[in-house]
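# What the coordinates show
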Amino acid sequence: TPSPSVSTSAASVLEGVCGRARSTYRTREEGEEQSWSAIMAGEEINEDYPVEIHEYLSAFENSIGAVDEMLKTMMSVSRNELLQKLDPLEQAKVDLVSAYTLNSMFWVYLATQGVNPKEHPVKQELERIRVYMNRVKEITDKKKAGKLDRGAASRFVKNALWEPKPRNASKVANKGKSKS
């Protein structure tokens, strides 16, 4: 099973973000409360509802649902089971993506709570994770880069170069042709 601290903290951050996003929306004039699901379903949209943000809210709702599904999928498999099937480089990628995702969700959570995440230590943590992600990318790119086969390269170059015929070889060839 997933480690309790990771799954609990990830679930609480997601719950905080989703809960805040799905919290009630107050229309500007009447103070009437509408839920996000009602707004997304197009129910009881007040005339004062800013129509220009409806597409953004729909996309946000879909993104939250996708993140929720991915998180459920990831948490359904034990970490040990998942890591046993992967090589060390792939394990590092999984760990980095997990850490980055969790810290990104915490960034969003801070923003929803009115805290400036740019002044919070989570910014340094995200930068640190990005540095490691770049290192892993460099290692992956080096593995994918083609290796030079020196023997094949030297044969290719040797055969591609023009070599003049020796002078003696042309005289021998001409002597043989004139006697016939």
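Residues numbered from 1 in each chain as written. Predicted model: local features only at pLDDT ≥ 70, side-chain atom pairs only at ≥ 80, totals over all residues. Heavy atoms only, no water.

Moving on: the side chain of Ser78. Its place among the elements puts Ser78 in the loop between α3 (54–76) and α4 (79–84). For Ser78, a relative accessible area of 10% corresponds to the buried category. Among the polar contacts listed, one links the side chain of Ser78 to the backbone nitrogen of Glu81, at a separation of 3.1 Å. (Helix = DSSP H or I, 4+ residues; strand = E, 2+ residues; numbered from the N terminus. Buried < 20%, exposed > 50% of the residue type's maximum accessible area, 1.4 Å probe, protein only. Polar contact = N/O pair within 3.5 Å; in protein donor to acceptor, adjacent residues only side chain to side chain.)

Attention shifts here to the environment of Thr101. Looking at where Thr101 falls in the secondary structure, it is placed in helix α5 (residues 88–112). What makes Thr101 partly exposed here is its relative accessible area of 37%. Distance from Thr101 to Leu126, taken between C-alpha atoms, is 9.4 Å for residues 25 residues apart in sequence.

The next subject is the pattern of salt bridges. Two side chains carrying opposite charge are able to pair once their charged atoms lie near each other. In the structure shown here, the tally under the stated rule is six salt bridges. Arg79 serves as the salt-bridge partner of Asp95, at 2.5 Å between the closest nitrogen and oxygen. On the criterion of sequence distance, the pair formed by Asp95 in helix α5 and Arg79 in helix α4 is long-range, its members being 16 residues apart. Here Asp95 falls in the partly exposed class, since its relative accessible area comes to 32%. Where Glu127 meets Arg130, a salt bridge forms, and the shortest distance between an N and an O atom there is 2.3 Å. (Salt bridge = Lys/Arg side-chain N within 4 Å of Asp/Glu carboxyl O.)

In short, geometric facts, not functional conclusions.
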